[in-house]
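Descriptive structure summary
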Amino acid sequence: MAQIQHSPPSDFIREIIEDHSRTKRFKGRVATRFPPEPNGYLHIGHAKSVCLNFGIAAQYGGACNLRMDDTDPSGETQEYVDSIIRDVKWLGFDWEDRLYYASDYYEQLYQYAVQLIKESKAYVCSLSADEIREHRGTLTEPGKESPYRNRSVEENLDLFKRMQAGECEDGALVLRARIDMASPNIVMRDPVLYRIKRTHHYRTGNQWCIYPMYDFAHCLSDSIEKITHSICTLEFENNRPLYDWILDGLKTECHPQQIEFARLNLSYTVLSKRRLIELVRKGYVTGWDDPRMPTIAGMRRRGYTPEAIRSFCERIGVAKNDSIIDMALLEHCVREDLNEKAPRVMAVLHPLRVVIDNYPESRVEEFDSPYHPQNPILGSRKVPFSRVLYIEQEDFMENPPKKFYRLSPGREVRLRYGYFIKCVGVVKDPKTGQVVEVHCTYDPETRSGFAPDGRKVDATIHWVSAEHSISAEVRLYDRLFQVANPMGEEGDFTKYLNPKSLEILTTCRVEPGLATIKSEDRFQFERLGYFCLDLKDSIPGRPAFNRVVTLRDSWAKLAGQEKK
RNA sequence: UGGGGUGUCGUCAAGCGGUAAGACACAGGUCUUUGGAACCUGGAUUCGGAGGUUCGAAUCCUCCCACCCCAGCCA
């Protein structure tokens, strides 16, 4: 099976890097980093950034660091660090020994701040948070200078030391950059560099009570790690002048180039950490790894493969346009990957009892059934066949419409890997009129799947032997939201949650071979979709499967059109 | 009504002054022991709009319009 070859990715960021290579801007060196804040789980949007940063490093012979951007102790935890490490690794990337923490730079960062003060480029401000906001001005009006802006270097040094020593209340003092209160760019109006926060830090404990702000910590962390290209999302474009101002002011040896790209948006879901946390906290989903979540952990549990996610991240491209990618593309990537490598097995989600009237009561046959129609390397297994079977309720219709060509009274179909059967009667529930059992006859001459007389059959349906199949739970997942862009609609986004995003089926029957699997391997349940064993919820003898994605279904499309 | 960005098919996205790639989606068709997969075909006379420069403009210039980001001691 040929691997799908995609053209080598090219985008404006790689163009910039190649330009830098030509002009020897960084002596031809390329170093990137993926810098998540450990205050939540990674999602598919992060995956885009991970693939970009690690991908670029690999492509240009450089390295990509994994850095925890942990500069705000509230909300950051070791659990999140662990999940990030697990997820990036699972995605298939390797940072070798380059796992860094901004919190490991606190001492250096502090010294840099002292240097800035000594050069009169930063000052300690005694204004309250409210006052600072009032002084900041608005989008159209310049700000006012703080009355503390011209404290002497000595006083600033002393005050900053006291901040650090824990002599002040939270919020009493902040360290600010002395830039320009009249700047049209609000970020440059004497931004706060350090704040006092007596909060326990998951790594440094109570060692520090002052913490650097993002703008101060990030550029310097990049510089300390000798990053060449600091790739981030568009909302930081306004912050780039500050990034450069700090590094210029400190005359650091390494001054990385910040480059911004558009963050990923995906239709029918939300991709902001705030919103995802809300879904988890308020119990709309069962956790960060709920298979409906767009988190790496959720998609993994759902059954998405790292290869599919990487392929998706490559195909969506990298640009500066705000965009919403169609979820259908992600699903396509998942199908494309799973089509190639998922073994085919048979499972009946909504069982309908079928009795083969002319098949001997106690007889059992085994049909050798290949795991993959195009790839014999995957091998085959034996599937037991007997007089009583289950087929999919949907595969039988007593009064079929024109284009329905599965089983119905008087019609003949092929059982996958087995005989032709013909419907000769139905048994109905006397109360409801529902068909509860279908009677068929089989043609012993069609064991090969073909009739010696050359007659054809319109459909092939899947089945399991009633006696030999095992019971399973199957969860059918659908899109989390009912609307393509929940954040673009009126009111609270949770209003648009899809009430049918999860359907739990408890009466499914699967072929016996599935009783013993233990890994998170994915299968194709023939004609239904791709399914993945749920390690968390399976119990011995009763597996639970998550539907990764359906197969493309032109019948459903047809049937849906006729309803309209 | 400041500053920073972005506008090319339904959704993404190439294009870098020489006459609109590709992918997904969609619509037809071939094939088929999965109504799957695979394969073939179809689609922007036009690039947010209006002017201008040019033999020639999605690409250059001018003006206009729309959308996104910024007034956390979050990142």
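Residues numbered from 1 in each chain as written. Chains lettered and ligands numbered in written order. Predicted model: local features only at pLDDT ≥ 70, side-chain atom pairs only at ≥ 80, totals over all residues. Heavy atoms only, no water.

Counting residues in hydrophobic clusters, the biggest one holds 44 residues, and the most contacted among them are Ile44, Val88, Ile309 and Phe312. Elements with a contribution of two residues or more to this core: α2 (44-59), β2 (63-68), α3 (78-91), α10 (296-302), α11 (306-315), α12 (327-341), β24 (529-533) and β25 (544-550). For this core, the domains that each give at least three residues are domain 1 (12-261) and domain 2 (273-343 + 472-563). Residues in contact with Ile309, not counting those within four places in the same chain, are Ile44, Ala47, Trp90, Leu91, Met299 and Tyr304. (Core = buried A, V, L, I, M, F, W, Y, C linked by side-chain atoms within 4.5 Å. Buried < 20%, exposed > 50% of the residue type's maximum accessible area, 1.4 Å probe, protein only. Helix = DSSP H or I, 4+ residues; strand = E, 2+ residues; numbered from the N terminus. Domains from an automatic or database assignment. Contact = heavy atoms within 4.5 Å.)

Below, the discussion takes up the sheet that holds β2. The strand order across the open sheet built from 3 strands is β1-β2-β3, with neighbouring strands paired in parallel fashion. The open sheet has two edge strands with one neighbour each: β1 (31-34) and β3 (99-101). Taking the axes of each pair of neighbouring strands and ignoring which way they run, one obtains an average angle of 35 degrees across the sheet. Across the face of the sheet, α3 comes into contact with β1, β2 and β3 while running at roughly 155 degrees to β2. (Pairing = 2+ DSSP bridges. Axes fitted to C-alpha atoms, helices over the stretch in contact; angles between N-to-C directions.)

What surrounds RNA strand B is a group of 67 residues, the closest being Arg344, Arg406, Arg416, Ser448 and Gln524. Sugar and phosphate atoms represent 66% of those atoms of RNA strand B found within 4 Å of the protein. Between RNA strand B and Tyr417, the relevant distance is 3.2 Å, taken from a base oxygen to a main-chain nitrogen or oxygen of the residue. Contacts to RNA strand B include Ser554, whose side-chain N or O atom sits 2.7 Å from a sugar or linking oxygen. Broken down by secondary-structure element, the contributors of at least two residues to the surface near RNA strand B are α5 (129-135), β6 (192-196), α12 and α13 (554-563). Taken together, the residues that form the surface near RNA strand B break down as 26 nonpolar, 17 polar and 24 charged. (Near = heavy atom within 4 Å. Polar contact = N/O pair within 3.5 Å; in protein donor to acceptor, adjacent residues only side chain to side chain. Nonpolar A, V, L, I, M, F, W, Y, C, P; charged D, E, K, R; others polar.)

On to the sheet that holds strand β5 (residues 174-177), then. Spatial strand order, β4-β5-β6-β7: 4 strands in an open sheet with antiparallel pairing. Every interior strand has two partners, whereas the edge strands, β4 (122-125) and β7 (210-212), have only one. Ignoring strand direction, the axes of neighbouring strands in this sheet form an average angle of 20 degrees. Where β5 lies against β6, 3 bridges are found, and the strand directions are antiparallel. Bridge assignment links Val174 to a residue of β6, and that residue is Arg195. Sheet strands touched by helix α6 (residues 153-165): β4, β5, β6 and β7. Its angle to β4, the strand with the most contacts, is close to 60 degrees.

With that settled, consider helix α9 (residues 273-281). Along α9, the positions that sit buried rather than exposed are Lys273, Leu276, Ile277, Glu278 and Leu279. Summarising the contacts, the buried residues of α9 are in contact with α2.

What follows covers the pattern of salt bridges. Evaluated as defined, the whole model comprises 50 salt bridges. Put simply, Lys282 and Glu278 hold a salt bridge, and the shortest N to O gap is 3.0 Å. According to the relative accessible area criterion, Lys282 is exposed, its value standing at 54%. With relative accessibility at 18%, the residue Glu278 sits in the buried group. Among the charged side chains, a salt-bridge network with shared partners connects Asp289, Arg301, Glu473, Arg475, Asp534, Lys536, Asp537 and Arg542. (Salt bridge = Lys/Arg side-chain N within 4 Å of Asp/Glu carboxyl O.)

So, about the packing of α11 against α12. Direction vectors running N to C along α11 and α12 enclose 135 degrees, while the axes themselves pass 8 Å from each other. Taken together, α11 and α12 sit at an angle that is classed as oblique. Here α11 runs over α12; the crossing is right-handed. When α11 is examined against α12, the residues Glu307, Ala308, Ser311, Phe312 and Arg315 are found in contact with a partner set consisting of Leu329, Leu330, His332, Cys333, Val334, Glu336, Asp337 and Lys341. Among the residues making up the contact of α11 with α12, the classes are represented as 6 nonpolar, 2 polar and 5 charged. (Parallel < 35°, antiparallel > 145°, perpendicular 65-115°, else oblique. Left-handed = near helix turned anticlockwise from the far one by under 90°.)

Detailed reading of the predicted model is not advised wherever pLDDT is low. Residues at a pLDDT of 70 or more form 98% of chain A, whose mean pLDDT is 96. Throughout residues 1-7 the model reports pLDDT below 50, and contacts reaching past four residues in sequence, or to other chains, amount to 11 contacts. This prediction of the complex comes with two scores: 0.96 for pTM and 0.97 for ipTM. (pLDDT = per-residue confidence, 0-100.)

So, on to the packing of helix α1 (residues 12-23) against α2. Relative to each other, α1 and α2 sit at 35 degrees, their axes nearing to 12 Å. Like other packed secondary-structure pairs, α1 and α2 cross with a definite hand, here right-handed. Judged by residue contacts, Ile13, Arg14 and Ile17 of α1 engage Leu52, Gly55, Ile56 and Gln59 from α2. Taken together, the residues of the contact of α1 with α2 break down into 4 nonpolar, 2 polar and 1 charged.

Take the side chain of Asn156 next. Relative to the assigned elements, Asn156 resides in helix α6. For Asn156, the side chain forms a polar contact with the main-chain oxygen of Arg151, separated by 3.2 Å. Residue contacts for Asn156: discarding those within four places in its chain leaves Ile117, Ala122, Tyr123, Val124 and Arg151.

Checked against the element boundaries, Arg509 lands in strand β22 (residues 502-510). No salt bridge is formed by the buried Arg509; the nearest opposite charge belongs to Glu467, separated by 9.8 Å. A distance of 2.7 Å separates a polar side-chain atom of Arg509 from the backbone oxygen of Ser469. Beyond its immediate stretch of four places on either side in the chain, Arg509 contacts Ala347, Val348, Pro351, Tyr390, Val464, Ala466, Ser469, Ile470 and Ser471. (Lys, Arg positive; Asp, Glu negative; His and termini not counted.)

Here β6 lies mainly inside the structure; 5 of its 5 residues are buried. Here β6 runs beside β7; their pairing, made up of 3 bridges, is antiparallel. When the bridges of β7 are listed, Tyr194 appears paired with Pro212.

In this section: the state of the cysteines. Under the criterion given, the structure shown has 0 disulfides. The cysteine Cys532 is free of any disulfide, with Cys508 supplying the nearest cysteine sulfur at 15 Å. (Disulfide = S-S within 2.5 Å.)

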